[in-house]
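Each chain is listed here by its residues.
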Amino acid sequence: MEHLNIALAVVGGLVLVVGLLSSPLDRSWLSVPLLAFLLGVALGPEAMDLLDPRTWGDSNKLMEETARITLGISLMGIALRLPPDYPFSHWRSLSILLAIGMPAMCLISAMLTYGMLGLPLLTALLVGAAICPTDPVLASSIVTGGVAKENLPGSFRHLLSSESGANDGLAYPLVLLPILLLTAPTGDAWLDWFGRVWLWEVGGGVLVGIALGWATGRALRWSEERGYLDQPSFLSITVALTIFVLGVGALLGTNSILGVFAAGLAFDQEVGGQERSEEDNVQEAVNILLTLPAFILFGLIAPWGEWQALGLQGGLLALLVLLLRRLPILLLLRPWLPALRDWPISLIMGWFGPIGISALYYATLVTSRTGYDLAWTIGSLIVAVSMVAHGITATPFARRYGRWCSRRRGDATEDRH
């Protein structure tokens, strides 16, 4: 109980600080997830030793389930933050990023892991698949807040949000393929991958999410028309929908993470206008409350000894992944992505593909299903480096782009005169 009270005090105190200092933190180099991670490190076994999740049970499973819930809450927030018609009017850009960009990022990450650490190819593919999705929680540092809205175009913010929302769930088949090839005969593995993983877990997850999101949206409108809904209940409905889809999807054996994003999009088609804008505000508050504990937990269980054992190659691998996993692909795909017409915004989009909670989820999933701890060790190291690198560059890069746009508009005005 003492550990529980310490954890409650830490999480509550951090949420209070973030809430009271939200504007200064938004404009500083220190991102909120990085602050939570550092707090977890300070309280963990490597520093003050006030909290040690390893004494609570299976810390790997605890991280996996915490990450799954955190992803669900974050993906629901993204789905409700997007304009209702965005995924449909920009389906070509999203298809290119998901069908070409994400597999390419997986292969590049795997090849870098294979070359730098000399792991077996399938093990390297496990790592590459785990770290390929763009993290929606860390990506919020560049798409939300006053600095982002003042300096970055909406087309960029919506595209990055949509990509990070969809590819978290769609990374699941990429992670499952090497797992199946390692644990089953090759023929059975491919058959299982196409039949069970793609058709049922992915396809079924999307259909379940759409059905539950649509039904909840219709029920909400029915309740409002009859005056049954009190406005403070709106927050509980969005959170309950997230938890409901996560639970139902897992019970049915489908991809519940992708299901939550689909549910949010379907729900948003039914509830728009004033309700939607109010929902956006409360959902952001829920994001802060429920995502910070995941980063604190990561700080508590960070495998410092295993990271040190990777040596210089581990740190170099993390840097190479951040530089080469995404930027070259985005620059090659730029002609087919209308939101990236300007070179500066293309460079920002290529750099800001942060690796975070989604990678932690898949890394723990790999460990639990295969027993290979290397996926967790390497994946968590890259997440830590990404938190620092993307956290401290989000605000400066956004402001720099804003100044570039201002100068360009000034030059255009002078040319007209």
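An unreviewed UniProt entry annotates the protein chain as Sodium:proton antiporter of Halomonas sulfidivorans. The Subcellular location (unreviewed entry) field of the UniProt record for the protein chain holds the comment "Membrane".

Enquirer: Can you walk me through the packing of helix α7 (residues 121–131) against helix α18 (residues 357–370) in this structure?
Expert: Any two packed helices are characterised by how steeply their axes cross, that is the angle between the axes, and by the distance between the axes. The N-to-C vectors of α7 and α18 enclose an angle of 150°; their axes lie 8 Å apart at closest approach. Residues Leu126, Ala130 and Ile131 of α7 touch α18, and the partners they reach there are Ser358, Ala359, Tyr362, Ala363 and Val366. In terms of residue class, the contact of α7 with α18 is made up of seven nonpolar, one polar and no charged.

Enquirer: How do you make sense of the environment of Asp168 when you look at a structure like this?
Expert: Note on placement: Asp168 falls in helix α10 (residues 154–183). The class for Asp168 is buried, based on a relative accessible area of 0%. Residues Asp168 and Pro136 lie 32 residues apart in sequence; the distance between their C-alpha atoms is 8.0 Å. Contacts of Asp168, omitting those with residues within four sequence positions, involve Leu71, Leu75, Pro133, Thr134, Asp135, Pro136, Ile257, Ser358 and Tyr362. A polar side-chain atom of Asp168 sits 3.0 Å from a polar atom in the side chain of Ser358.

Enquirer: Explanation requested: the packing of aromatic side chains in the structure shown.
Expert: Geometry of an aromatic ring pair is reported as the spacing of the ring centres plus the angle between the planes. Following the criterion strictly, the structure yields 12 aromatic pairs and no others. Measuring from centroid to centroid gives 6.5 Å for Trp351 and Phe352, while their planes differ by 75°, and the two rings are edge-to-face. The class of Trp351 is buried, set by a relative accessible area of 17%. Judged by its relative accessible area of 1%, Phe352 is buried.

Enquirer: How should I be thinking about the environment of Val143 in this particular structure?
Expert: Position of Val143 relative to the elements: it lies in helix α8 (residues 136–143). Apart from residues lying up to four places away in sequence, Val143 is in contact with Arg81, Ala148, Arg157, Leu160 and Ser161.

Enquirer: What am I meant to see in a nonpolar patch on the surface here?
Expert: Together, Leu16, Val17, Leu20 and Leu21 line one region of the surface with nonpolar side chains, adding up to about 410 Å² of accessible area. Mapped onto the fold, Val17 is located in helix α1 (residues 2–20).

Enquirer: How do you make sense of α18 when you look at a structure like this?
Expert: Along an α-helix, a turn takes 3.6 residues, which lines up residues three or four apart on a common side. Over its 14 residues, α18 runs 20 Å from end to end, which matches the ideal 20 Å to within 8%, given 1.5 Å per residue. Restricting attention to buried positions, one finds in α18 the residues Ile357, Ser358, Ala359, Leu360, Tyr361, Tyr362, Ala363, Thr364, Leu365, Val366, Thr367 and Thr370. Gly371, located one to two residues past α18, shows a positive phi value of around 80°.

Enquirer: Sorry if this is basic, but what is going on with the nonpolar core here?
Expert: Nonpolar side chains tend toward joint burial in soluble globular proteins. Membership of the largest hydrophobic core comes to 124 residues, with the highest contact counts inside it found for Ile142, Leu152 and Phe298. Beyond its immediate sequence surroundings of up to four residues, Leu152 is in contact with Ile142, Arg157, Ile345, Ile348, Ala398 and Tyr401.

Enquirer: Would you take a moment to explain the pattern of salt bridges for this structure?
Expert: A side chain with one charge can pair with a side chain of the opposite charge if their charged atoms come near. Overall, the coordinates contain 10 salt bridges when judged by the stated rule. Salt-bridge contacts for Glu64 lead to Lys61; the nearest nitrogen and oxygen are separated by 3.6 Å. Here Glu64 and its partner Lys61 are both found in helix α4 (residues 59–81), three residues apart, which amounts to about one turn of the helix. Residue Glu64 is classed as buried on the basis of its relative accessible area of 5%. Arg226 is the salt-bridge partner of Glu225, the closest N and O atoms lying 3.7 Å from each other. On the accessibility criterion, Glu225 (61% relative accessible area) is exposed. Here the salt bridges share partners, and the residues they tie into one network are Lys61, Glu64, Glu65 and Arg68.

Enquirer: Can you help me understand the packing of α10 against helix α11 (residues 186–225) in this one?
Expert: Orientation of α10 relative to α11, taken along the N-to-C sense of each, is 160°, at an axis distance of 9 Å. Considering the angle they form, α10 stands roughly antiparallel to α11. Between α10 and α11 lies a crossing whose hand is right-handed. For the pair α10 and α11, contact is made by Leu170, Tyr172, Pro173, Leu176, Leu177, Leu180 and Leu181 and by Thr186, Ala189, Trp190, Asp192, Trp193, Arg196, Val197, Trp198, Glu201 and Val202, respectively. Looking at the contact of α10 with α11 residue by residue, the class counts come to 13 nonpolar, one polar and three charged.

Enquirer: Teacher, can you tell me more about unusual backbone geometry here?
Expert: Backbone phi values are negative for most residues with the exception of glycine, while trans is the configuration of most peptide bonds. At Asp49, a position not held by glycine, the phi torsion is positive, near 60°. Inspection of the secondary structure puts Asp49 in the loop between α3 (32–43) and α4. On the basis of relative accessible area, Asp49 is assigned to the partly exposed category, the value being 48%.

About the criteria used
- Residues numbered from 1 in each chain as written.
- Predicted model: local features only at pLDDT ≥ 70, side-chain atom pairs only at ≥ 80, totals over all residues.
- Heavy atoms only, no water.
- UniProt positions renumbered as here; feature names shortened; annotations may be inferred.
- Axes fitted to C-alpha atoms, helices over the stretch in contact; angles between N-to-C directions.
- Helix = DSSP H or I, 4+ residues; strand = E, 2+ residues; numbered from the N terminus.
- Contact = heavy atoms within 4.5 Å.
- Nonpolar A, V, L, I, M, F, W, Y, C, P; charged D, E, K, R; others polar.
- Buried < 20%, exposed > 50% of the residue type's maximum accessible area, 1.4 Å probe, protein only.
- Polar contact = N/O pair within 3.5 Å; in protein donor to acceptor, adjacent residues only side chain to side chain.
- Phe/Tyr/Trp six-rings, centres within 6.5 Å; stacked < 30°, edge-to-face > 60°.
- Patch = residues over 30% accessible without salt bridge, like charges linked within 9 Å, V, L, I, M, F, W, Y side chains within 5 Å.
- Areas by Shrake-Rupley, 256 points an atom, 1.4 Å probe, with all protein chains shown as cover.
- Salt bridge = Lys/Arg side-chain N within 4 Å of Asp/Glu carboxyl O.
- Expected span 1.5 Å × (residues − 1).
- Core = buried A, V, L, I, M, F, W, Y, C linked by side-chain atoms within 4.5 Å.
- Parallel < 35°, antiparallel > 145°, perpendicular 65-115°, else oblique.
- Left-handed = near helix turned anticlockwise from the far one by under 90°.

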